[in-house]
Amino acid sequence: MTEDSLPRIVGFLCKWCSYAGADLAGVSRLKMPASLVPIRVMCSSRVNPLFVLKAFLSGADGILVTGCHPGDCHYQDGNYYTRRRFALTQKIFKELGLEADRIRLSWISASEGKRFVDVVTEFTENLKTMGKNSIKAEIFL
Amino acid sequence: MKGKIITSQNGLNQAIKGILKSLLEKGLFDAILVPTRVPSGESFVYLLIKDKNLIESCTPLPPIMPIQGARALRELTRLGKTSLKILCVMRPCEVRASVELSKLKQVNLENISFMSIDCPGAFILKDYINDPEKFDKLYQNTLKDWEGENIRPSCNICVRFSHQDTPADIHIGKIGMKENGVIIVPLSTQSNELLSKIDIECTQETTEWQTGIKEKLQKKAENRNKAFSELKGNVSGMENLNNFFSNCINCHNCMRVCPICYCRQCFFDSSDEVRIAAENYFSRAQNKGGIKFPTDMIFFHLGRMSHMGISCIGCGACEDACPMDVPIAQVFEFMADELQKMFNYIPGRDREEQIPVLIYKEDELHEYEDMEDLK
Amino acid sequence: MKALKISKLPDDAIRELLLSLFERKKIGGVFALAKTNTHNYAYALITNKELLKNITPTIPLMPANAGKLLSRLTMIEPVSTPIAVVVRPCELRALFELVKLEQAKLDNLLFVSFTCSGVYPTRFMIDGIENKLKAYWENIRTGQILQDLRESCRICENFVPDNADIILTLMGKDNSNESILLIKTEKGKNFLEDKSGQLIEADLELKKIENMRSKRIDEKKRVFADLKTEDFGIKGLTEIFGRCINCHACSKACPVCYCKLCYFESSESEYSSSTLEKELNKRGAVRLPTDTVFYHVGRLIHVGITCVGCGMCSDACPTSIPVFTIFNKTAEHVQQLFDYIPGRKIDEQIPLSTFNKKEFEEVED
Ligand code: SF4
Ligand code: SF4
Ligand code: SF4
Ligand code: SF4
Ligand code: SF4
Ligand code: FES
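Residues numbered from 1 in each chain as written. Chains lettered and ligands numbered in written order. Predicted model: local features only at pLDDT ≥ 70, side-chain atom pairs only at ≥ 80, totals over all residues. Heavy atoms only, no water.

Glancing now at the packing of helix 2 (residues 69-77) of chain B against helix 3 (residues 92-103) of chain B. Residues and elements named next belong to chain B. Where helix 2 meets helix 3, the axes come as close as 8 Å, and the angle between the chain directions of the two elements is 40°. Regarding helix 2 and helix 3, the two cross each other, and that crossing is right-handed. Contacts between helix 2 and helix 3 pair Gly69, Ala70, Leu73 and Arg74 from the former with Glu94, Ala97, Ser98 and Leu101 from the latter. Considering only residue class, the contact of helix 2 with helix 3 consists of four nonpolar, two polar and two charged. (Axes fitted to C-alpha atoms, helices over the stretch in contact; angles between N-to-C directions. Helix = DSSP H or I, 4+ residues; strand = E, 2+ residues; numbered from the N terminus. Left-handed = near helix turned anticlockwise from the far one by under 90°. Contact = heavy atoms within 4.5 Å. Nonpolar A, V, L, I, M, F, W, Y, C, P; charged D, E, K, R; others polar.)

See below:
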């Protein structure tokens, strides 16, 4: 498979968990499609919904927001807020007929290297069946 | 001044598109900034076009001016020059606004060239959006005989509708030209060379066109004088001002669409104006028995005028965007005219000329000061 | 509940009430719509009781959402002198949201409102709305929806000002010779304690209200179904917002868009030319000004939960984009998701500033 035909996923990875999880996956030499462009954030709640929207409108095929499992957020409650905002963003996507399946929220801990790989692989597969994000070619944005 | 006359069977816009295509194909420009009809058809926006196949869809001289072109260029180059060679296809007032903004460091003109077009005026935005078909038809006539009915008041009194005081690189003329005639006029030696690269040799006389302009100018100047003398009576004194602005809901939209009003946050929306203690409002109310909300409507208009009046190019964008149909552009143009006469300044006419309020002479304007010793 | 009966037209009854509050030194000011010129009306803070004759609280216009204006007034500190505020239900709801967002303060405000039959587009003020008033009041009596009102008003179900202290009952009534002012709260009672005049027992005309509500809901279903937002997708969005001139008047008019410097006007939203060149290479062409769809969907993300459905956004739009319809329809789904009605109760937190540990498991994995 060539790089070009792979979907491009913008991934917001929480430094305390998912980013470490991704690291672990790397260190353990787990195989994973090269579809993810990782962006490290201090907490999943740092991910302004506008980041997700902007990435989507810029033509990212998928946007993945990851964080610590509920209850484990380094800042106590960050990810509970993340979940609410994500629910809201997803709702608005759905109500406006935008492809809500291109955005995904996953909890991945620092020890879940395998889970990280699984999430990225599965998301990549899903996005492949959806095809490219056509917004990339849209002019009148 | 020399030019090249071409005949355009399919209208002015089609002729210009042909030129744009050649310029892009020959690689003389990397991209073209030009108005284009929106997908749903009832308006136009600026597109920066690189793909030459998209040129066919543009409308170099659309019947309305929904977004002042200088605003588009401002967005593109506010943070610095572009590395692409870009040709901006604009109405004359849009070119002047762009140049004026460059003096205010809000537009960077490096790598930017302008093509201005003889402007028959634009329709009122709201009218057009309500019935695009009707106005598209009317526009065909406007482009033919250059007599505009339903044209915006600002355009009716505009005296710089052609190449006058407009520092473009290439100008496209149509006024006074016989059936289907269009004249391409390079305004500098570089543009002359540029045009010859796409086999446009500009050696023909421009008399026909110049005469057309002269006639048109006379008419517009009359309109202008008449409009201004009417306005004068309507806006002098507080009571008249209040009446003039009686429909204003103080929404500041006129400021937000004005190409010259470039501040990221307008003073009149800033903390100084918006974060005011309740007690302050209260004592102001008590002085007069009551105070209107939002407050400071006249302050806003006069204040804005004092900020940018010297640079107002009379484009009418403010009036188009006013939800309450306040003839806001007319009063701004009228005041701007007075201010600009004071300093013998025409905004945007010259890339080098500085804005008078950003410079001074030691020996000037004594009629406005009082140096006498007090008795 | 207790009510004040005043045998006068609604505006006169409100004036009489306010005057008596003034005279008994219960209030030092009034915030209400007032006539400013032959055909013009604007909100005003009035401190001189002689000027009360100019107020026109029921004139069917909303040149600005009063919630936003009251946030201006009380942003830094509450008013120290009590004032009576006469505004419409959606303006009151907007104010309550703004209080939750720490943009306004309620102290010392007495709220007077009425069962609201809606307002006309502000543009109608240009030609004067005086000739509309006869039909307006006639339809209040017969309980019909006037088709030339703002769309937001034709489909509004929250037209009873539940959180006002004093409610003037208008809907479904004749209103030509008597006005009933319900004293809804303790605060209302306190302001009126030594007021002379006829106190009666009265209540909202619930049947007529329900009747109107069901008509409005039908109308809403129709209006919302007509605008197929759920089918928009990016094509639909670029079409409906295609003619947007990026003036942001919709956000400036919106009471719950309170940011002093909006994200979409901040330096975050300015791009270097190289960024735009990248976009150009990707798409072959770029719309300027940029970020039209980003602005609208982004603003919807910001205000979807707090949109009070006042319709100011559509009213302000110079290119008549149905901003309200798109926003309110989508907002309704968002608000249902969180079971939230903005401005309903002051002690109800805005869902995005709180959370439950167990919820929305369907959106995560
Ligand atoms: S004030 Fe009005 S007419 Fe003058 S430059 Fe600004 S938008 Fe144009
Ligand atoms: S003149 Fe028009 S656009 Fe300007 S503040 Fe008044 S109502 Fe708004
Ligand atoms: S989005 Fe529109 S309807 Fe909703 S609160 Fe704001 S102005 Fe009112
Ligand atoms: S769109 Fe968002 S950032 Fe802008 S004023 Fe509204 S809430 Fe604030
Ligand atoms: S008011 Fe209308 S034109 Fe202005 S930004 Fe909003 S939708 Fe666009
Ligand atoms: S620190 Fe990982 S989600 Fe908050």
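Still more ground to cover, so stick around.
Let us look at the pairing of strand 3 (residues 62-67) of chain A. Residue and element names in this part refer to chain A. The element strand 3 is extensively covered by neighbouring structure, given that six of its six residues are classed as buried. Neither face of strand 3 is open: one carries Gly62, Leu64 and Thr66, the other Ile63, Val65 and Gly67, and all of them are buried. Pairing of strand 1 (residues 9-14) with strand 3 involves four bridges; the strand directions are parallel. By the bridge assignment, Ile9 is partnered in strand 3 with Gly62. Of the pairings in the sheet, the one linking strand 3 to strand 4 (residues 103-107) comprises five bridges and is parallel in character. Each bridged residue has a counterpart across the sheet, and for Gly67 the counterpart in strand 4 is Trp107. Viewed along the sheet, the connection from strand 3 through helix 3 (residues 78-95) into strand 4 turns out right-handed. (Buried < 20%, exposed > 50% of the residue type's maximum accessible area, 1.4 Å probe, protein only. Pairing = 2+ DSSP bridges. Right-handed = clockwise from strand over helix to strand, strands pointing away.)

For the rest of this paragraph, the subject is the interface of chain C and chain B. Between chain C and chain B, the residue contacts involve 64 residues of the former and 66 residues of the latter. Taking both partners together, chain C and chain B bury about 5600 Å²; carbon and sulfur atoms supply 59% of that area. By the criterion of area lost to chain B, the three top residues of chain C are C:Arg72, C:Lys260 and C:Leu288, representing 13% of everything that side buries. Counting across the interface, chain C meets chain B through four salt bridges. A salt bridge links B:Asp325 to C:Arg123; its shortest N-O distance comes to 2.8 Å. (Buried area = accessible area lost by both parts, 1.4 Å probe. Salt bridge = Lys/Arg side-chain N within 4 Å of Asp/Glu carboxyl O.)

Our next topic: the sheet that holds strand 1 (residues 2-6) of chain C. Ordered by their spatial adjacency, nine strands build an open sheet running 9(B)-3(C)-2(C)-4(C)-5(C)-6(C)-7(C)-1(C)-8(C), and the pairing between neighbours is mixed. Unpaired on one side and paired on the other, strand 9 (290-293) of chain B together with strand 8 (198-201) of chain C mark the two borders of the sheet. Within this sheet the neighbouring strands show an average axis-to-axis angle of 30°, counted without direction. As judged from the three bridges shared by strand 2 (residues 29-35) of chain C and strand 4 (residues 83-86) of chain C, these two strands associate in the parallel manner. Bridge pairing in strand 4 of chain C links C:Phe31 to C:Val85. Packed on one face of the sheet, helix 3 (residues 89-100) of chain C meets strand 3 (41-46) and strand 5 (109-114) of chain C and runs near 145° to strand 5 of chain C.

Before going further, it helps to spend a moment on the site of ligand 3. Residues and elements named next belong to chain C. Surrounding ligand 3, one finds 13 residues, the nearest of these being Cys254, Cys307, Cys310, Gly311 and Cys313. Sorting the residues of the shell around ligand 3 by element identifies helix 13 (312-316) and helix 14 (323-337) as the ones contributing at least two each. Taken together, the residues that form the shell around ligand 3 break down as ten nonpolar, two polar and one charged. (Near = heavy atom within 4 Å.)

Attention now goes to the site of ligand 5. All names here are of chain C. Lining the immediate environment of ligand 5, one finds 13 residues, of which Cys244, Cys247, His248, Cys250 and Cys317 sit closest. Elements represented by at least two residues in the shell around ligand 5 include exactly helix 10 (249-253) and helix 12 (292-303). In terms of residue class, the shell around ligand 5 is built from ten nonpolar, three polar and no charged.

All right, on to the UniProt feature "domain: F420-non-reducing hydrogenase iron-sulfur subunit D" (unreviewed entry) in chain A then. Here, UniProt's "domain: F420-non-reducing hydrogenase iron-sulfur subunit D" (unreviewed entry) annotation points to residues 9-131 of chain A. Measuring from the first to the last C-alpha atom of residues 9-131 of chain A gives 13 Å, for a span that is 45% helix and 19% strand. (UniProt positions renumbered as here; feature names shortened; annotations may be inferred.)

Before going further, it helps to spend a moment on the pattern of salt bridges. All names here are of chain C. If you walk through the whole model with that rule in mind, you get 56 salt bridges over all chains. In this structure, the salt-bridge partner of Lys100 is Glu97, at a minimum N-O distance of 2.9 Å. Taken together, the positions of Lys100 and Glu97, both in helix 3 and three residues apart, correspond to about one turn of that helix. Glu97 carries the same exposure label as Lys100, and that label is buried. A salt bridge links Lys282 to Glu279, with the shortest nitrogen-to-oxygen separation between them at 3.1 Å.

Here we take up the pairing of strand 1 of chain C. Here four bridges tie strand 1 of chain C to strand 8 of chain C, and the two strands are oriented antiparallel to one another. Its bridge partner lying in strand 8 of chain C, C:Lys5 is registered against C:Gln198.

Okay, the packing of helix 3 of chain A against helix 14 of chain C next. Packed helix pairs are characterised by how far apart their axes lie and by the angle those axes make with each other. Their axes nearest at 10 Å, the elements helix 3 of chain A and helix 14 of chain C cross at an angle of 145°. Once helix 3 of chain A is placed against helix 14 of chain C, the crossing between them reads as right-handed. For the pair helix 3 of chain A and helix 14 of chain C, contact is made by A:Ala87, A:Leu88, A:Lys91, A:Ile92 and A:Glu95 and by C:Thr330, C:His333, C:Val334 and C:Leu337, respectively. Taken together, the residues that form the contact of helix 3 of chain A with helix 14 of chain C break down as five nonpolar, two polar and two charged.

Quick look at the sheet that holds strand 8 (residues 204-205) of chain B now. What the nine strands build is an open sheet, ordered 8(B)-1(B)-7(B)-6(B)-5(B)-4(B)-2(B)-3(B)-9(C); its pairing is mixed. This sheet does not close on itself; its edge strands, each paired only once, are strand 8 of chain B together with strand 9 (285-288) of chain C. Across six bridges, the pairing between strand 2 (residues 31-37) of chain B and strand 3 (residues 44-49) of chain B is antiparallel. Pairing of B:Thr36 across the sheet is with B:Val45, part of strand 3 of chain B.

Before going further, it helps to examine helix 11 (residues 273-283) of chain C. Among the residues of helix 11 of chain C, those classed as buried are C:Ser273, C:Leu276, C:Glu277, C:Glu279, C:Leu280 and C:Arg283. The buried residues of helix 11 of chain C occupy one face: seen down the axis, they fall within an arc of 160°. Buried-residue contacts for helix 11 of chain C involve helix 2 (49-57) of chain A, strand 2, strand 3 and helix 2 of chain B together with strand 9 of chain C. (Arc of directions from axis to C-beta.)

Here we take up a negative patch on the surface. Residues B:Glu362, B:Asp363, B:Glu367, B:Glu369, B:Asp370, B:Glu372 and B:Asp373 make up a contiguous surface patch of negative charge. On the secondary structure map, B:Asp373 appears in the segment after helix 15 (328-342). (Patch = residues over 30% accessible without salt bridge, like charges linked within 9 Å, V, L, I, M, F, W, Y side chains within 5 Å. Areas by Shrake-Rupley, 256 points an atom, 1.4 Å probe, with all protein chains shown as cover. Lys, Arg positive; Asp, Glu negative; His and termini not counted. Charge placed at Lys NZ, Arg CZ, Asp CG, Glu CD.)

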